[in-house]
Amino acid sequence: MIFLRLIWSYLKIGFFGFGGGYAMLALIQNEIVTPGWITEQMFTDIVAISQMTPGPIGINSATYIGYVAPGASSPALSSPLWGILGSLLCTLVVILPSFVLVRYAGHYISRHRDSAAIKGIFAGLRPVVVGLIASAALLLMNGDNFGTTSPDVAKSIAMAAAALFIVLFTKIHPILIIIAAGAIGWLIF
(Lines give C-alpha, C1' and ligand atoms only; values in the text may rest on other atoms or scores of the structure.)
Protein backbone atom coordinates (compact mmCIF):
# COMPACT_ATOMS: atom_id res chain seq x y z
CA MET A 1 0.00 0.00 0.00
CA ILE A 2 1.29 3.46 -0.95
CA PHE A 3 0.80 4.96 2.50
CA LEU A 4 3.04 2.37 4.16
CA ARG A 5 5.69 2.91 1.49
CA LEU A 6 5.49 6.68 2.02
CA ILE A 7 5.80 6.24 5.78
CA TRP A 8 8.85 4.01 5.35
CA SER A 9 10.50 6.41 2.88
CA TYR A 10 9.94 9.47 5.03
CA LEU A 11 11.09 7.68 8.18
CA LYS A 12 14.38 6.98 6.39
CA ILE A 13 14.59 10.59 5.22
CA GLY A 14 13.83 11.84 8.72
CA PHE A 15 16.38 9.59 10.42
CA PHE A 16 19.21 10.00 7.92
CA GLY A 17 18.64 13.55 6.68
CA PHE A 18 21.55 15.11 8.57
CA GLY A 19 22.55 18.64 7.68
CA GLY A 20 19.18 20.08 6.76
CA GLY A 21 17.13 20.16 3.60
CA TYR A 22 19.86 20.64 1.03
CA ALA A 23 21.93 17.84 2.48
CA MET A 24 18.95 15.50 2.26
CA LEU A 25 18.00 16.34 -1.36
CA ALA A 26 19.81 13.32 -2.79
CA LEU A 27 18.07 11.06 -0.29
CA ILE A 28 14.67 12.62 -1.01
CA GLN A 29 15.23 12.25 -4.74
CA ASN A 30 16.21 8.61 -4.38
CA GLU A 31 13.20 7.82 -2.22
CA ILE A 32 10.53 9.63 -4.25
CA VAL A 33 11.67 9.84 -7.87
CA THR A 34 13.04 6.30 -8.17
CA PRO A 35 9.70 4.63 -7.26
CA GLY A 36 8.00 6.88 -9.84
CA TRP A 37 5.84 8.86 -7.44
CA ILE A 38 6.97 12.04 -9.20
CA THR A 39 9.08 12.87 -12.23
CA GLU A 40 12.53 14.47 -12.22
CA GLN A 41 10.93 17.69 -13.51
CA MET A 42 8.41 17.69 -10.65
CA PHE A 43 11.25 17.13 -8.17
CA THR A 44 13.11 20.14 -9.56
CA ASP A 45 9.94 22.22 -9.28
CA ILE A 46 9.38 21.07 -5.70
CA VAL A 47 12.91 22.12 -4.77
CA ALA A 48 12.37 25.55 -6.33
CA ILE A 49 8.99 26.06 -4.66
CA SER A 50 10.26 24.75 -1.32
CA GLN A 51 13.07 27.30 -1.39
CA MET A 52 10.62 30.16 -1.90
CA THR A 53 8.04 29.10 0.69
CA PRO A 54 8.44 29.33 4.44
CA GLY A 55 9.59 26.19 6.19
CA PRO A 56 12.24 23.55 5.73
CA ILE A 57 12.63 21.93 2.33
CA GLY A 58 12.22 18.43 3.77
CA ILE A 59 8.85 19.25 5.31
CA ASN A 60 7.61 21.21 2.31
CA SER A 61 8.54 18.40 -0.05
CA ALA A 62 6.99 15.78 2.26
CA THR A 63 3.71 17.66 2.27
CA TYR A 64 3.66 17.93 -1.52
CA ILE A 65 4.82 14.38 -2.22
CA GLY A 66 2.31 13.02 0.28
CA TYR A 67 -0.40 14.80 -1.65
CA VAL A 68 0.53 13.66 -5.16
CA ALA A 69 1.94 10.16 -4.53
CA PRO A 70 -1.36 8.37 -3.74
CA GLY A 71 -2.94 9.55 -7.01
CA ALA A 72 0.25 8.76 -8.96
CA SER A 73 0.32 5.21 -7.59
CA SER A 74 -3.33 4.35 -8.18
CA PRO A 75 -6.21 6.11 -9.93
CA ALA A 76 -8.49 4.91 -7.13
CA LEU A 77 -6.53 7.15 -4.73
CA SER A 78 -6.69 10.32 -6.84
CA SER A 79 -9.28 11.99 -4.58
CA PRO A 80 -8.05 15.10 -2.76
CA LEU A 81 -8.93 13.42 0.54
CA TRP A 82 -6.33 10.68 -0.08
CA GLY A 83 -3.86 13.41 -0.99
CA ILE A 84 -4.55 15.28 2.25
CA LEU A 85 -4.11 12.05 4.22
CA GLY A 86 -0.80 11.44 2.41
CA SER A 87 0.32 15.01 3.12
CA LEU A 88 -0.44 14.69 6.81
CA LEU A 89 1.27 11.31 7.10
CA CYS A 90 4.44 12.32 5.26
CA THR A 91 4.75 15.62 7.10
CA LEU A 92 4.32 14.02 10.52
CA VAL A 93 6.58 11.09 9.74
CA VAL A 94 9.45 13.23 8.40
CA ILE A 95 9.54 15.35 11.59
CA LEU A 96 9.05 12.44 14.01
CA PRO A 97 12.67 11.18 13.93
CA SER A 98 14.06 14.69 14.46
CA PHE A 99 11.70 15.26 17.34
CA VAL A 100 12.68 11.98 19.00
CA LEU A 101 16.41 12.47 18.36
CA VAL A 102 16.44 16.05 19.63
CA ARG A 103 14.35 15.14 22.64
CA TYR A 104 16.54 12.27 23.78
CA ALA A 105 19.93 12.77 22.16
CA GLY A 106 20.00 16.50 22.90
CA HIS A 107 19.94 15.84 26.63
CA TYR A 108 22.74 13.27 26.34
CA ILE A 109 24.86 15.47 24.08
CA SER A 110 24.53 18.50 26.35
CA ARG A 111 25.61 16.43 29.37
CA HIS A 112 28.59 14.95 27.53
CA ARG A 113 29.55 17.78 25.18
CA ASP A 114 33.15 17.70 26.36
CA SER A 115 33.62 13.97 25.80
CA ALA A 116 35.99 12.81 23.09
CA ALA A 117 33.31 10.54 21.61
CA ILE A 118 30.79 13.38 21.06
CA LYS A 119 33.50 15.68 19.68
CA GLY A 120 34.63 12.89 17.34
CA ILE A 121 31.10 12.20 16.11
CA PHE A 122 30.53 15.85 15.25
CA ALA A 123 33.98 16.20 13.70
CA GLY A 124 33.04 13.31 11.39
CA LEU A 125 29.55 14.62 10.60
CA ARG A 126 30.50 18.20 9.66
CA PRO A 127 32.52 17.45 6.49
CA VAL A 128 29.98 14.85 5.38
CA VAL A 129 27.18 17.40 5.68
CA VAL A 130 29.21 19.85 3.57
CA GLY A 131 29.69 17.09 0.99
CA LEU A 132 25.96 16.31 0.97
CA ILE A 133 25.12 19.97 0.44
CA ALA A 134 27.63 20.11 -2.43
CA SER A 135 26.05 16.99 -3.93
CA ALA A 136 22.66 18.74 -3.75
CA ALA A 137 24.09 21.63 -5.76
CA LEU A 138 25.44 19.23 -8.38
CA LEU A 139 22.17 17.28 -8.38
CA LEU A 140 20.29 20.45 -9.28
CA MET A 141 22.64 21.29 -12.16
CA ASN A 142 20.56 19.50 -14.76
CA GLY A 143 18.70 20.30 -17.94
CA ASP A 144 15.51 21.10 -16.03
CA ASN A 145 17.26 23.93 -14.16
CA PHE A 146 19.91 25.07 -16.64
CA GLY A 147 18.25 24.40 -19.99
CA THR A 148 19.26 22.09 -22.79
CA THR A 149 20.47 24.50 -25.46
CA SER A 150 23.86 26.21 -25.32
CA PRO A 151 22.45 29.75 -25.05
CA ASP A 152 20.10 28.76 -22.22
CA VAL A 153 22.87 26.91 -20.37
CA ALA A 154 25.19 29.92 -20.73
CA LYS A 155 22.50 32.31 -19.42
CA SER A 156 21.72 29.97 -16.52
CA ILE A 157 25.37 29.59 -15.56
CA ALA A 158 25.84 33.37 -15.71
CA MET A 159 22.80 33.90 -13.47
CA ALA A 160 23.98 31.24 -11.00
CA ALA A 161 27.48 32.75 -10.88
CA ALA A 162 26.05 36.26 -10.42
CA ALA A 163 23.79 35.07 -7.59
CA LEU A 164 26.72 33.31 -5.90
CA PHE A 165 28.89 36.43 -6.22
CA ILE A 166 26.12 38.70 -4.87
CA VAL A 167 25.46 36.41 -1.90
CA LEU A 168 29.15 36.05 -1.04
CA PHE A 169 30.32 39.63 -1.55
CA THR A 170 27.37 41.95 -0.92
CA LYS A 171 24.78 42.44 1.76
CA ILE A 172 21.82 42.21 -0.63
CA HIS A 173 19.06 40.14 0.94
CA PRO A 174 18.45 36.72 -0.70
CA ILE A 175 14.75 37.51 -1.18
CA LEU A 176 15.69 40.45 -3.38
CA ILE A 177 18.02 38.18 -5.37
CA ILE A 178 15.18 35.69 -5.90
CA ILE A 179 12.78 38.44 -7.02
CA ALA A 180 15.40 39.92 -9.37
CA ALA A 181 16.17 36.47 -10.80
CA GLY A 182 12.50 35.90 -11.54
CA ALA A 183 12.26 39.25 -13.33
CA ILE A 184 15.49 38.66 -15.26
CA GLY A 185 14.37 35.15 -16.18
CA TRP A 186 11.08 36.53 -17.47
CA LEU A 187 12.98 39.01 -19.63
CA ILE A 188 15.70 36.78 -21.08
CA PHE A 189 14.04 33.39 -21.34
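Note: the structure precedes this text.
1. Some remarks on the pattern of salt bridges
Okay, so step 1: This model, assessed by the stated rule, comprises 1 salt bridge.
Okay, so step 2: Across the pair lysine 12 and glutamate 31 runs a salt bridge whose closest N-O atoms are separated by 3.2 Å. With lysine 12 in helix α1 (residues 2–16) and glutamate 31 in helix α2 (residues 25–32), this pair connects stretches of sequence that are 19 residues apart.
Okay, so step 3: Lysine 12 sits in the partly exposed class, given a relative accessible area of 24%.

2. Focus on the packing of helix α8 (residues 150–169) against helix α9 (residues 174–188)
Describing two packed helices takes the angle between their axes plus the distance from one axis to the other.
Okay, so step 1: For the pair α8 and α9, interaxial distance at closest approach is 12 Å and the crossing angle is 160 degrees. Our classification of the angle between α8 and α9 gives roughly antiparallel. Read as a crossing pair, α8 and α9 show a hand that is right-handed. Across the interface between the two elements, Lys155, Met159, Ala163, Ile166 and Val167 from α8 touch Ile177, Ala181, Ile184, Gly185 and Ile188 from α9.

Conventions used here
- Residues numbered from 1 in each chain as written.
- Predicted model: local features only at pLDDT ≥ 70, side-chain atom pairs only at ≥ 80, totals over all residues.
- Heavy atoms only, no water.
- Salt bridge = Lys/Arg side-chain N within 4 Å of Asp/Glu carboxyl O.
- Helix = DSSP H or I, 4+ residues; strand = E, 2+ residues; numbered from the N terminus.
- Buried < 20%, exposed > 50% of the residue type's maximum accessible area, 1.4 Å probe, protein only.
- Axes fitted to C-alpha atoms, helices over the stretch in contact; angles between N-to-C directions.
- Parallel < 35°, antiparallel > 145°, perpendicular 65-115°, else oblique.
- Left-handed = near helix turned anticlockwise from the far one by under 90°.
- Contact = heavy atoms within 4.5 Å.

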